[in-house]
Every structure is written in C-alpha cells, then in structure tokens.
Amino acid sequence: MPNLSLTTWSLHRNLGPLRWTQWDDERKEHVTRVEEQPEKLSLLELPAVLRDKGFTTMEICHFHFKDTSSSYLQELREAIQQAGMRFYTLLADYGDITNPDETRREADMEWLQRWIDIASAAGAERIRIIGGDADPGDAEALRLAASQLQRLIDYAADKQVRIVTENFHAMTSTADNCLALLDDCGNQLGLTTDFGNFKGPTKLQELSRTIARSESIHAKAQQDEQGNLDDAEFISCMELVKEHRYEGPITIVYDGPGDMWDGIDRVRKLVTPYLG
C-alpha cells in the first residue's frame, strides 16, 4: 500500500536559509551560496510535525542541512526515529557526474561521496543522485553516467545507503535513458519518478515506463501563476501509479505561491484516494 511522504522542498520557504552548492570555475572548487529564508520550523522539529499531520515518510534536500557535524546528524537521526518516521531519501541536489571537465567531474564525485557518508550518519535509507547534465542523446555520456553511478554504488556498499537516480536534469530527461541506467547497474540502482520532470505530448507514456520500475514517486502537480493546480493532469499521473500497483512512498512536492502548508494540503487531497 502506498504511504504518504513529504520532501523538504515543499517547505523551502519555511525551513531557514538554503545552502546551494556551486562550482567556482576560476578557483576549481565548490562554494556555498546562501539564500536567506525564514526559519519558521527547524529541520529537527520537522519529523514530529509531519507525524502529527499524518505523514509516515520524509525526504530531505541537502541544502536544508544547517550543519553536517556528527553531533547534529545524530540529533537529526534521533528526532526522526523518535517521531516514528522513515528518512527515505536524502536528495543530493548538486553534482554533474557526466561533466566533460575531469577536474570538475571528480570534485563532484568526491562531494557526492561525502553526502553518502552524511546520509549514512543521518539514517537515510537512500540518496538521490542526479544522472548528469549531458545531452540525453550522447551515448558516450550515458555510458559514463552508468559507470559513475556504479562507482557511487560501490562506495556506498557498506554504508546502508541505497543509490537512486531520478528523471531529473538533461541526461535522465527521457524514459529510455532512465531505464538504460537501471539496466546497466542492475538491481543495485533505484529510480525516483517525478511527475513534473517529463514534458510534452509523450509525458504520460514516459511516466508509465519509469513508474513501473520506480521505488519512489514525487507527486508534483502542474499549476498556473496563481497556484491553481491542474487537477485532471495530476489525477492522470496518479492513475498510472495505481495501474502499476506501486507500493512505496508518494512524496508530495509543492512549489507554488502562497502558504506552503496550504499548497501541500491541496496536493494531498488529490493523493489521498490512492493511498488504499
């Protein structure tokens, strides 16, 4: 039976500063750009709040970690456990494993390995790795992506963290490429499907192919500038989830205007009939 989950991106205007990782090409190193946001709720408080609102699972974006010290990660792990929640996925929202610049690419791989360590310490079951920013038609880059993902799988082998990728960014913007990476890496690699990441007239066909092999669903509704949801399109996506008898977390993704909890609740009303 699917269960209800939330990503911290759905509360990104409420959880304090966003710490974006960027590559400084002149210095050949990573830098952090801080985007100020009010902290209406701390990450340590969030698990209990989500439990009280009926969620059972959560996903955390890397840029919401205010601290990556051992003591803070242990505090977060305990907060999640005490709330009875599952930390399903740490979403690493940076890293180009297909970058043609070897210096940049290897630096990104080291950065991702560090976040695998952080995921392990915080008790995350999975870490989502972006499949790369190379052109989706570049066959050599696709082979590189598979090789890089396998390296990360091998690195995480003794850390109790599963590597998953997503239909997110250029390389995995097609169902063909998503499934090719799964085939190349075997059952060691998992997949997340986000409703909002495939575009165009073949969107539902693409979603159907990846949902069939996904272990995480990001339920993102399309919306207009006023935040009105496209209910019919979203329900079409949820019908595919039902058709493929998906049994994992359905993670609500809201990124519209207005109160974020209100937006989450509006998406939740559309998801609830599919929870069993």
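These numbers come from a predicted model, not from an experiment.

A. Representation of helix H2 (residues 70-82) within the structure. Taking 1.5 Å per residue as the helical rise, H2 with its 13 residues ought to reach 18 Å, and the 18 Å between its terminal C-alpha atoms agrees with that figure. Residues of H2 that are buried: Tyr72, Leu73, Leu76, Ala79 and Ile80. Considered in projection along H2, the buried side chains sweep an arc of 120° and stay on one side of the axis. In H2, those exposed residues whose orientation departs by more than 90 degrees from the buried face are Ser70, Ser71, Gln81 and Gln82. Close packing links the buried residues of H2 with helix H1 (46-52), strand S4 (57-61), strand S5 (86-91) and helix H3 (102-122).

B. Representation of the pairing of strand S8 (residues 189-194) within the structure. Of all six residues in S8, six are buried; the element is thus mostly enclosed. Here S8 shows no split at all, with Leu189, Leu191 and Thr193 on one side and Gly190, Thr192 and Asp194 on the other all buried. Both strand S7 (residues 162-166) and S8 contribute to a ladder of four bridges, which runs parallel. Its bridge partner being in S8, Thr165 is matched across the sheet by Leu191. For the crossover that starts at S7, traverses helix H5 (residues 175-185) and ends in the parallel S8, the hand is right-handed. Handedness of the crossover joining S8 and strand S9 (residues 216-220) through helix H6 (residues 203-211): right-handed.

C. Quick peek at the layout of surface pockets. In this model, the largest pocket occupies a volume close to 260 Å³. In this structure, the largest pocket is lined by 15 residues; those nearest its centre are Trp9, Asp93, Phe168, Asp194 and Val253. Taken together, the residues that form the lining of the largest pocket break down as six nonpolar, three polar and six charged. Roughly 210 Å³ of volume is contained in the second largest pocket. Looking at the lining of the second largest pocket, the elements with two or more residues in it are strand S2 (18-24) and H3.

D. Spotlight on the pattern of salt bridges. Inspection of the entire model under this criterion finds 19 salt bridges. Its salt-bridge partner being Asp52, residue Arg51 comes within 3.1 Å of it at the nearest N-O pair. What you see here is one network of salt bridges that share partners, running through Arg86, Glu125, Arg126, Arg162 and Glu215.

E. Just the packing of aromatic side chains, in detail. In the structure shown here, the tally under the stated rule is seven aromatic pairs. For the pair Trp9 and Trp20, a centre-to-centre distance of 6.2 Å together with 70° between the ring planes defines the contact as edge-to-face. With Trp9 in the loop between strand S1 (3-7) and S2 and Trp20 in strand S2, this pair connects stretches of sequence that are 11 residues apart. Linked through ring pairs, Phe65, Tyr94, Trp111 and Trp115 together constitute an aromatic cluster.

F. Focus on the side chain of Asp96. Within the fold, Asp96 resides in the loop between S5 and H3. For Asp96, which is buried and forms no salt bridge, the nearest opposite charge comes from Arg104, at a distance of 4.9 Å. Within polar-contact distance, the side chain of Asp96 engages the side chain of Thr98 at 2.9 Å. There is a polar contact of 3.2 Å between the side chain of Asp96 and the side chain of Asn99. Setting aside residues up to four positions removed in sequence, Asp96 forms contacts with Arg104, Arg105, Asp108, Gly132 and Asp133.

G. Main features of the packing of H5 against H6. At a minimum axis separation of 9 Å, H5 and H6 run at an interaxial angle of 10°. Overall, the two elements H5 and H6 adopt an arrangement that is roughly parallel. Along the contact surface, H5 presents Ala175, Asp176, Cys178 and Leu179, while H6 presents Glu206, Arg209 and Thr210. Looking at side-chain class alone, the contact of H5 with H6 contains three nonpolar, one polar and three charged residues.

H. Focus on helix H8 (residues 260-271). Compared with an ideal rise of 1.5 Å per residue, which puts 12 residues at 16 Å, H8 spans 17 Å between its outermost C-alpha atoms and is within 8% of the ideal. All buried positions along H8 are accounted for by Met260, Trp261, Gly263, Ile264, Val267, Leu270 and Val271. Residues of H8 that are buried make contact with S1, H1, S9, helix H7 (231-243) and strand S10 (249-253). For H8, the capping residue at the N-terminal end is Asp259, with a side-chain oxygen 3.1 Å from the backbone nitrogen of Trp261.

What counts as what
- The residue count restarts for each chain, going from 1 along the sequence in the order it is written.
- The predicted origin of the model limits local features to residues at a pLDDT of at least 70 and limits the giving and counting of side-chain atom pairs to 80 or more, whereas totals for whole chains, interfaces and linings rest on all residues.
- Hydrogens are left out, water is left out, and the side-chain values use all remaining heavy atoms of the structure.
- The way it works is that DSSP assigns letters per residue, a run of H or I at least four long becomes a helix, a run of E at least two long becomes a strand, and they are numbered from the N terminus.
- Here, expected helix span is obtained from the residue count minus one, scaled by 1.5 Å.
- Buried, partly exposed and exposed residues are distinguished by accessible area as a fraction of the type maximum, computed with a 1.4 Å probe on protein chains only: under 20%, between the cut-offs, and over 50%, respectively.
- As used here, the arc is the angular range of directions from the helix axis to the C-beta atoms.
- The contact criterion used throughout is that any non-hydrogen atoms of two residues lie within 4.5 Å.
- Strands qualify as paired when DSSP identifies two bridges or more between them.
- Note on handedness: a crossover is taken as right-handed if, strands pointing away from the viewer, the path from the first strand over the helix to the second is clockwise.
- Cavities and pockets are found on a 1 Å grid laid over the protein atoms alone: a cavity is a set of points where a 1.4 Å probe fits but cannot escape, a pocket is an open set with protein on both sides within 12 Å along at least five of seven lines, and a lining residue has an atom within 4 Å of such a point.
- Grid points are joined across faces, edges and corners, and a volume is the space filled by probe spheres set on the points.
- Charged means Asp, Glu, Lys or Arg here, nonpolar means Ala, Val, Leu, Ile, Met, Phe, Trp, Tyr, Cys or Pro, and polar covers whatever is left, Gly included.
- What makes a salt bridge here is a side-chain nitrogen of Lys or Arg within 4 Å of a carboxyl oxygen of Asp or Glu, nothing more.
- Side-chain rings of Phe, Tyr and Trp, where Trp is taken by its six-membered ring, are said to pair if the distance between their centres is within 6.5 Å; with planes under 30 degrees apart they count as stacked, over 60 as edge-to-face, and otherwise as tilted.
- By the counting rule applied here, Lys and Arg register as positive and Asp and Glu as negative, while His and the ends of each chain are not counted.
- In protein, a polar contact requires one atom able to donate a hydrogen and another able to accept it; more generally it is a pair of N or O atoms within 3.5 Å, and residues adjacent in sequence count only if both atoms are side-chain atoms.
- Note on geometry: axes are C-alpha line fits, over the in-contact stretch for helices, and angles between N-to-C directions span 0 to 180 degrees.
- Angle categories are assigned with fixed cut-offs, so that under 35 degrees is roughly parallel, over 145 is roughly antiparallel, 65 to 115 is roughly perpendicular, and the rest are oblique.

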